[in-house]
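# Summary of structural features
What follows is each chain in one-letter form.
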Amino acid sequence: MTLPFNLAADASAPPRSAKNPLSLIGNTPIVEITKLDGGLCQLFLKLEGANPGGSIKDRPALTMIEAAERDGRLKPGGVIVEATAGNTGLGLALVSAAKGYRLILVIPDKMSREKIFHLRAMGAEVVLTRSDVGKGHPEYYQDKAERLAAATPGTIFINQFANPANPLAHQTGTGPEIFAQLEGKVDAIVCGVGSGGTLTGLSRFFAERSPTTEIILADPAGSILKDVVEKRPPGEAGSWLVEGIGEDFVPLNADLSRVSRAYAVSDAESFAAARELLKREGLLVGSSTGTMLAAALKYAGEQTAAKRVVVLSPDGGNKYLSKMFNDYWMEDQGFIQRPATGDLRDLIGRRHDLGAAVTVAPDDKLQVAYARMKLYDVSQLPVLEGDRVVGLVDESDLLLAVSENPARFDEPVGVAMTTNIETIAVDAPIPALRRIFDKDFVAVVVDSDRFLGLITRIDLLNHLRRRID
């Protein structure tokens, strides 16, 4: 077969091999976004999820560890401790594995399960702490990491929030890449602040090479950084679900002096932008990318002249499949609104009439019921014959059936299910659910004999919480 070009001579051809993953950090692609309304502006997405560790944080992870090696703080076989919202941890785990260091990470408990599973799979030791407390509280993740490092012999605290090697990674790497990829024609860059390294490094590079390039801050609603940029006393910090950006203090690494505009972006706007990008452009990106994209669209909509706007995409969306890209999670959080029916269907988490309920039949094997419980992370299943509910099977029923003889997993669900169920008419008033819950039952919602779904205590709590949003 004759190739149409010489791979060895073609400068645009990708590298054919690498000695180790660390050599693949950087040189990430940039792509123009053409199917979202940027007004007069061209929007470009810098896809940092293409780094081997899956995020932009691979860059500072490598520079910070190598700086610690050079100055003698980190010796062979040493221990690294860091506080992270997840992605810095993944970058540190990648570099630590390649270099043979033990890694301990302190992570707020709002982080996605995918990130935590990924970190543990890479050998990192994960210490979860509270995400609902601020700086100065003993459970605040940065303070806890610093104490842990001080109490562990032979340990260094990387401290991405104050480590000068963090912004240096972007000043010498990310910034020059963007400048070269767009041939120096960059009118604005939109990014967020977690540790501050990305924004600070980029602003330093562009201040020198392209002083007219605007630095735009995308800040989660509830973070104080927009207030700081706009030179007013910060309001009380709130809470937000977007991961990795936004702060209740100004990190030492965050030089906001070159930021020309700042936009506060709600969780709802962030998640909607990321989901729309996937639907329209086929790009699966993380929640912070949604924040930056939403801010970029606001900025672009205000422009009266054509501009080239770069949006940082810190990571891919694979880590958020159980949250932002999960319709049920989005509904539970109030970000997706189903059309209201005005009856108990509004409380059902997984409606059978919409094809969402997870069910079994009486003649399905207990093994099938067990597998569906695990796959869908539920503890009970309605047992249906057609659209009629004939029973329920839960974890206790399964355990009782198979504990003395595991071979009974091959028996039908009908032998283990309970037929002692509490049905409730779809048009019954919500307070009627209390009668069922007081008996420690779940509510089986029916329309005549047709099964519509289950309502549990948490479904009622979700419904009541949404009413105050």
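All values derive from a computational prediction rather than experimental measurement.

### Points about the overall build of the protein chain
A tally of regular secondary structure across the protein chain gives 14 helices and 15 strands. A principal-axis box enclosing the C-alpha atoms of the protein chain has dimensions of 75 × 65 × 55 Å. Out of the 469 residues in the protein chain, the part that is buried amounts to 51%. Long-range contacts, defined here as pairs at least 24 residues apart, represent 66% of the contacts in the protein chain between residues at least 6 apart.

### Here we look at the packing of helix α11 (residues 366-376) against helix α12 (residues 395-402)
Between α11 and α12, the least distance of the axes is 11 Å, while the angle of their chain directions is 140°. The pairing of α11 with α12 is recorded here as oblique in orientation. Of the two possible hands of crossing, α11 and α12 adopt the one that is left-handed. Judged by residue contacts, L366, A369, Y370 and M373 of α11 engage E395, L398, A401 and V402 from α12.

### Examining helix α2 (residues 87-99)
Here α2 is 13 residues long and its end C-alpha atoms lie 18 Å apart, about the 18 Å a rise of 1.5 Å per residue gives. Among all positions of α2, only N87, T88, G89, L90, G91, L92, A93, L94, V95 and S96 are buried. Considering only its buried residues, α2 is in contact with α1 (58-70), β3 (79-83), β4 (102-108) and α3 (113-121).

### Examining the pattern of salt bridges
For the coordinates displayed, the defined rule picks out 28 salt bridges. Where E125 meets R102, a salt bridge forms, and the shortest distance between an N and an O atom there is 2.6 Å. In this pair, E125 is assigned in strand β5 (residues 125-129) and R102 in strand β4, connecting sequence segments 23 residues apart. On the basis of relative accessibility, which here comes to 39%, the residue R102 falls in the partly exposed class. With a closest N to O distance of 3.8 Å, R372 and D364 form a salt bridge. According to the relative accessible area criterion, R372 is partly exposed, its value standing at 29%. Connected through salt bridges with shared partners, the residues K46, E48, R59 and E177 form a single ionic network.

Thresholds, definitions, all that
Residues numbered from 1 in each chain as written. Predicted model: local features only at pLDDT ≥ 70, side-chain atom pairs only at ≥ 80, totals over all residues. Heavy atoms only, no water. Helix = DSSP H or I, 4+ residues; strand = E, 2+ residues; numbered from the N terminus. Buried < 20%, exposed > 50% of the residue type's maximum accessible area, 1.4 Å probe, protein only. Contact = heavy atoms within 4.5 Å. Axes fitted to C-alpha atoms, helices over the stretch in contact; angles between N-to-C directions. Parallel < 35°, antiparallel > 145°, perpendicular 65-115°, else oblique. Left-handed = near helix turned anticlockwise from the far one by under 90°. Expected span 1.5 Å × (residues − 1). Salt bridge = Lys/Arg side-chain N within 4 Å of Asp/Glu carboxyl O.

So far we have only geometry, and geometry alone does not tell us how the molecule works.
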